[in-house]
Amino acid sequence: MAMDLKQAASERIIIAAHRGVAGGNIPCNTIAAYDAALSQGADMIEIDANMSADGTLFVFHPKMEKRQLGVDCNIREMTDEQIAELRYQNYDRDPTEWGLCKLDEVFERYKNRCFINVDKFWDFPKEISDAIRRHNMLDQIVVKTSPKKEFLDIIESYAPEIPYLPIIKKDQGLHEMLKGRNINYIGVELVFDNENNEIGTEDYVRRLHADGKLVWANAIVYNYKAVLAGGHSDDYSIAYDPEGGWGWLADRGDDIIQTDWTLAMRLFLEQTGRRFKNKNK
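Residues numbered from 1 in each chain as written. Predicted model: local features only at pLDDT ≥ 70, side-chain atom pairs only at ≥ 80, totals over all residues. Heavy atoms only, no water.

S.K.: I keep staring at the overall build of the protein and nothing clicks. Help me out?
M.R.: Check the secondary structure of the protein and you find twelve helices and ten strands. Taking 19 Å as the expected radius of gyration for a compact globule of 281 residues, we find that the protein reaches 18 Å, a close match to that expectation. In the protein, buried positions account for 53% of the 281 residues. Within the protein, counting contacts between residues at least 6 apart in sequence, those at least 24 apart form 62% of the total. Put simply, the protein shows about 12800 Å² of open surface, and 47% of that area lies on carbon and sulfur atoms. Taken as two groups, the 35 positive and 46 negative side-chain charges of the protein have centres that lie 2 Å from each other. (Helix = DSSP H or I, 4+ residues; strand = E, 2+ residues; numbered from the N terminus. Rg over C-alpha atoms; globule rule 2.2 N^0.38 Å. Buried < 20%, exposed > 50% of the residue type's maximum accessible area, 1.4 Å probe, protein only. Contact = heavy atoms within 4.5 Å. Areas by Shrake-Rupley, 256 points an atom, 1.4 Å probe, with all protein chains shown as cover. Lys, Arg positive; Asp, Glu negative; His and termini not counted. Charge placed at Lys NZ, Arg CZ, Asp CG, Glu CD.)

S.K.: When you look at the packing of aromatic side chains in this model, what are you seeing that I'm missing?
M.R.: Considering all chains together, one arrives at six aromatic pairs under this definition. Here Tyr34 and Tyr110 contribute two aromatic rings whose centre-to-centre distance is 5.9 Å and whose plane-to-plane angle is 90 degrees, an arrangement assigned as edge-to-face. Within this pair, whereas Tyr34 is found in helix H2 (residues 31-39), its partner Tyr110 is found in helix H5 (residues 103-110), the two being separated by 76 residues in sequence. Look at Tyr34 and you get buried, because its relative accessible area is 0%. With relative accessibility at 0%, the residue Tyr110 sits in the buried group. Their ring planes at 50 degrees and their centres at 6.1 Å tell us that Trp246 and Phe268 sit as a pair that is tilted. Taken together, the positions of Trp246 in helix H11 (residues 243-252) and Phe268 in helix H12 (residues 262-271) put the pair 22 residues apart, joining distant regions of the chain. Both residues of the pair, Trp246 and Phe268, count as buried. A cation over a ring is seen here: Lys144 above Trp216, with NZ or CZ 3.5 Å from the ring centre. We note Arg275 situated over the ring of Phe276; from NZ or CZ to the ring centre the distance is 5.6 Å. (Phe/Tyr/Trp six-rings, centres within 6.5 Å; stacked < 30°, edge-to-face > 60°. Lys NZ or Arg CZ within 6 Å of the ring centre and 35° of its normal.)

S.K.: I tried to follow the state of the cysteines on my own but got confused; where do I start?
M.R.: Formally, a disulfide is one covalent bond, and it connects the sulfur atom of one cysteine to the sulfur atom of another. Considering all chains together, one arrives at zero disulfides under this definition. With no disulfide of its own, Cys28 lies closest to Cys101 among cysteine sulfurs, the gap being 11 Å. Sulfur of Cys114: no disulfide; nearest cysteine sulfur belongs to Cys101 and is 13 Å away. (Disulfide = S-S within 2.5 Å.)

S.K.: Explain the pairing of strand S5 (residues 115-119) to me, please; I cannot follow it from the model alone.
M.R.: Two faces belong to every sheet, and in a regular strand the side chains alternate between them. Of all five residues that make up S5, five are buried, and the element is covered over most of its length. Here S5 shows two buried faces, one formed by Phe115, Asn117 and Asp119 and the other by Ile116 and Val118. Sheet topology places strand S2 (residues 44-51) next to S5; five bridges connect them, and they run parallel. Considered in S5, the bridge of Met44 is made with Phe115. (Pairing = 2+ DSSP bridges.)

S.K.: Quick question: what am I supposed to make of H5 here?
M.R.: Along an α-helix, residues three or four positions apart point the same way, because every turn accommodates 3.6 residues. If you check which residues of H5 are buried, you get Leu103, Val106, Phe107 and Tyr110. One side of H5 carries all its buried residues, which in axial view fall inside an arc of 100 degrees. Just past H5, the residue Asn112 takes up positive phi, approximately 65 degrees. (Arc of directions from axis to C-beta.)

S.K.: Would you mind going over the pattern of salt bridges with me for this structure?
M.R.: Proximity of charged atoms lets side chains of opposite charge pair with each other. The tally for this structure, following the rule as stated, stands at 28 salt bridges. Among the ionic pairs, Lys179 bridges to Glu176, the shortest N-O distance being 3.2 Å. Pair noted here: Lys179 and Glu176 are both in helix H8 (residues 174-179), with a separation of three residues, about one helical turn. Salt-bridge contacts for Arg274 lead to Glu243; the nearest nitrogen and oxygen are separated by 2.7 Å. Highlighted residues: Arg274 in the segment after H12 and Glu243 in helix H11, separated in sequence by 31 residues. One salt-bridge network, held together by shared partners, links Glu11, Arg12, Asp43, Arg266, Glu270 and Arg275. (Salt bridge = Lys/Arg side-chain N within 4 Å of Asp/Glu carboxyl O.)

Shown next, in the form of structure tokens:
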């Protein structure tokens, strides 16, 4: 079954579940978290890629071993057999039944079911690209990096056909430059701390749309001091006013919104008539 992110985004706001949906005894970046995300209406799951000492790709956020596993280790220095013994902790720091997933396992489970953003692509671009091709999932996957020249060169070398979004904090000619690279440049992840930033404006979003590019916004908050979308966040939406959070992002024209509150955001967007772009459908 072919999947087309641009077509899907022309019909509805794409909800990207950050590391799945975690809570209670269900940790992030696990099969349970991804299944929960899809059950709550996510169109896309965001996953983190890492690698063992044996060269196997696992789904795990780098440098989170102590925080998420309760073990002072580095999975990049561990064998597959050692990693198989690890278990995620829940929010009370008690162990759960959930271990680390291999990237191959996640790809096979969600093939033809949803879009997938593979984060930390820049660490293992050749290996991740090979896995995407091996599973025949080019139409489902999105990869992102900062727009550093060395990363763009790597993408041109290893993954020119894989859908790509740069993560940018200011334009400075980046959009025009990227159009000239041998990269499947389908859109941009915009990170801005205030609405006066050029890339935080509706005019900039319209400019990208005019060139056929998608716009990704982050409602997630990983550190309240690191503002990702001008303060229009999950936290603001849940604690204060969803109109000023998710509603603002939707009204600005963002095509993909990454969230840690999949169900709440989906219900808000649907109940306010913002989720679907073609109201006749």
